[in-house]
Amino acid sequence: ETGVTQSPTHLIKTRGQQVTLRCSSQSGHNTVSWYQQALGQGPQFIFQYYREEENGRGNFPPRFSGLQFPNYSSELNVNALELDDSALYLCASLSQTGGYTFGSGTRLTVV
Amino acid sequence: AQSVTQLDSQVPVFEEAPVELRCNYSSSVSVYLFWYVQYPNQGLQLLLKYLSGSTLVKGINGFEAEFNKSQTSFHLRKPSVHISDTAEYFCAVSEKTSYDKVIFGPGTSLSVIP
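Residues numbered from 1 in each chain as written. Chains lettered and ligands numbered in written order. Predicted model: local features only at pLDDT ≥ 70, side-chain atom pairs only at ≥ 80, totals over all residues. Heavy atoms only, no water.

Peer 1: Quick rundown of the side chain of Gln2 of chain B? Include the residues and the values.
Peer 2: Residue and element names in this part refer to chain B. For Gln2, the position within the fold is in the segment before strand 1 (3-5). The exposure class assigned to Gln2 is buried, which follows from its relative accessible area of 15%. Discounting residues that sit within four places of it in the chain, Gln2 has contacts with Ser26, Ser27, Val93, Ser94, Glu95, Lys101 and Ile103. (Helix = DSSP H or I, 4+ residues; strand = E, 2+ residues; numbered from the N terminus. Buried < 20%, exposed > 50% of the residue type's maximum accessible area, 1.4 Å probe, protein only. Contact = heavy atoms within 4.5 Å.)

Peer 1: Just give me the short version of the state of the cysteines, but keep the residues and values in it.
Peer 2: Residues and elements named next belong to chain B. Evaluation of the coordinates by the stated rule reveals two disulfides over all chains. Paired through a disulfide, Cys23 and Cys91 show a sulfur-sulfur distance of 1.9 Å. When the S-S torsion is -65°, as for the bridge of Cys23 with Cys91, the disulfide is left-handed. Of this pair, Cys23 sits in the loop between strand 3 (19-21) and strand 4 (24-26) while Cys91 is found in strand 10 (residues 87-95), placing the two residues 68 residues apart along the sequence. Taken individually, Cys23 and Cys91 each receive the classification buried, so the pair is uniform in this respect. (Disulfide = S-S within 2.5 Å.)

Peer 1: How would you summarise the interface of chain B and chain A if you had to cite specific residues and measurements?
Peer 2: Facing the 17 residues of chain B at the interface are 23 residues of chain A. Each partner contributes to the roughly 1,500 Å² buried at the junction of chain B and chain A, and carbon and sulfur atoms together form 54% of this total. Counting across the interface, chain B meets chain A through three residue pairs in polar contact (both at pLDDT 80 or more). Only strand 5 (31-38) and strand 6 (44-50) of chain B provide two or more residues apiece to the side of chain B that touches chain A. Of the residues that constitute the side of chain B that touches chain A, the class distribution is 10 nonpolar, four polar and three charged. (Buried area = accessible area lost by both parts, 1.4 Å probe. Polar contact = N/O pair within 3.5 Å; in protein donor to acceptor, adjacent residues only side chain to side chain. Nonpolar A, V, L, I, M, F, W, Y, C, P; charged D, E, K, R; others polar.)

Peer 1: Kindly report on the packing of aromatic side chains, identifying the contributing residues and their values.
Peer 2: Applying the stated criterion across every chain, the model contains 14 aromatic pairs over all chains. Here Phe102 of chain A and Tyr36 of chain B contribute two aromatic rings whose centre-to-centre distance is 5.4 Å and whose plane-to-plane angle is 85°, an arrangement assigned as edge-to-face. With Phe102 of chain A in strand 10 (residues 100-102) and Tyr36 of chain B in strand 5, this residue pair bridges two chains. With relative accessibility at 0%, the residue Tyr36 of chain B sits in the buried group. Through successive ring pairs, a cluster of aromatic residues spans Tyr35, Phe45, Tyr100 and Phe102 of chain A together with Phe34, Tyr36 and Phe104 of chain B. (Phe/Tyr/Trp six-rings, centres within 6.5 Å; stacked < 30°, edge-to-face > 60°.)

Peer 1: Before we move on, could you go through the pattern of salt bridges and cite the residues and values that matter?
Peer 2: For the structure shown, the criterion picks out nine salt bridges over all chains. In this structure, Asp8 of chain B engages Arg22 of chain B in a salt bridge whose closest nitrogen and oxygen atoms are separated by 2.9 Å. One end of the pair, Asp8 of chain B, is in the loop between strand 1 and strand 2 (10-14); the other, Arg22 of chain B, is in the loop between strand 3 and strand 4, with 14 residues separating them in the sequence. A residue is classified by how much of its surface remains accessible, and Asp8 of chain B, at 19% relative accessible area, is buried. Linking Lys58 of chain B and Glu64 of chain B is a salt bridge whose minimum nitrogen-to-oxygen distance equals 2.8 Å. When salt bridges with common partners are traced through the structure, they connect Arg63, Glu82 and Asp85 of chain A into a single cluster. (Salt bridge = Lys/Arg side-chain N within 4 Å of Asp/Glu carboxyl O.)

Peer 1: Let's hear about the sheet that holds strand 3 (residues 19-24) of chain A: which residues, and what values?
Peer 2: Residues and elements named next belong to chain A. Here we have four strands laid out as an open sheet, ordered 1-3-8-7, and antiparallel in their pairing. Two strands bound the open sheet, and with one partner strand each, they are strand 1 (5-7) and strand 7 (64-68). The sheet shows a mean angle of 20° between the axes of neighbouring strands, taken without regard to direction. (Pairing = 2+ DSSP bridges. Axes fitted to C-alpha atoms, helices over the stretch in contact; angles between N-to-C directions.)

Peer 1: Which residues make up the nonpolar core, and what values go with them?
Peer 2: Where a protein is soluble and globular, its nonpolar side chains tend to be buried together. Leu33, Trp35, Leu47, Leu48, Phe74, Leu76 and Tyr89 of chain B are the most contacted members of the largest nonpolar core, which has 28 residues in total. Sorting the residues of this core by element identifies strand 2, strand 3, strand 5, strand 6, strand 8 (64-68), strand 9 (73-78), strand 10 and strand 12 (108-113) of chain B as the ones contributing at least two each. Core analysis: the second largest hydrophobic core is formed by 19 residues, Phe64, Leu81, Tyr89 and Val110 of chain A among them. (Core = buried A, V, L, I, M, F, W, Y, C linked by side-chain atoms within 4.5 Å.)

And the structure:
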């Protein structure tokens, strides 16, 4: 089992820019979810992908979008960055026995 | 829609003392329940989960939790904590009809005092 890896680990962007965060999930895990964790808060569900299609979305605007690829990797894209987008972004793949395996996250800072 | 409440935002406890971290949930349907731990600057690690069966669930690092359906609670316990247990703990819930969409509570910061 290879785990979930995310890149980059840290990122600084300017307000208004666009960013792409990447995740490589465990082989055979068809479901991947993305979460936003603001400082001092619990993770908030952004969206979920199953077999390359979005099949669930939290309360996030359309400028948050994603992709999932056949090789179990996925991307989170955020357009028109705002200061409040500064957070830890977590990718998680769903275990076949229930429960997610999380990556270590990407710390995004918007200045 | 489901929601999770963690009643204590911070819990200080002395080393080797017992600890209980409280979690209550709200849902109109049957749920799965989880506890995750997050160490500083890291992602979340699954401590334990309740899917069905026995309401007492044992997890890693000596933690256990008990599902109480009537009180809609899933409190986390450890009989004797160590310094290394200092971390943020998150209770989470998902509906059995869509167990892949997990909703997290706000977290409880456990500080173990030497």
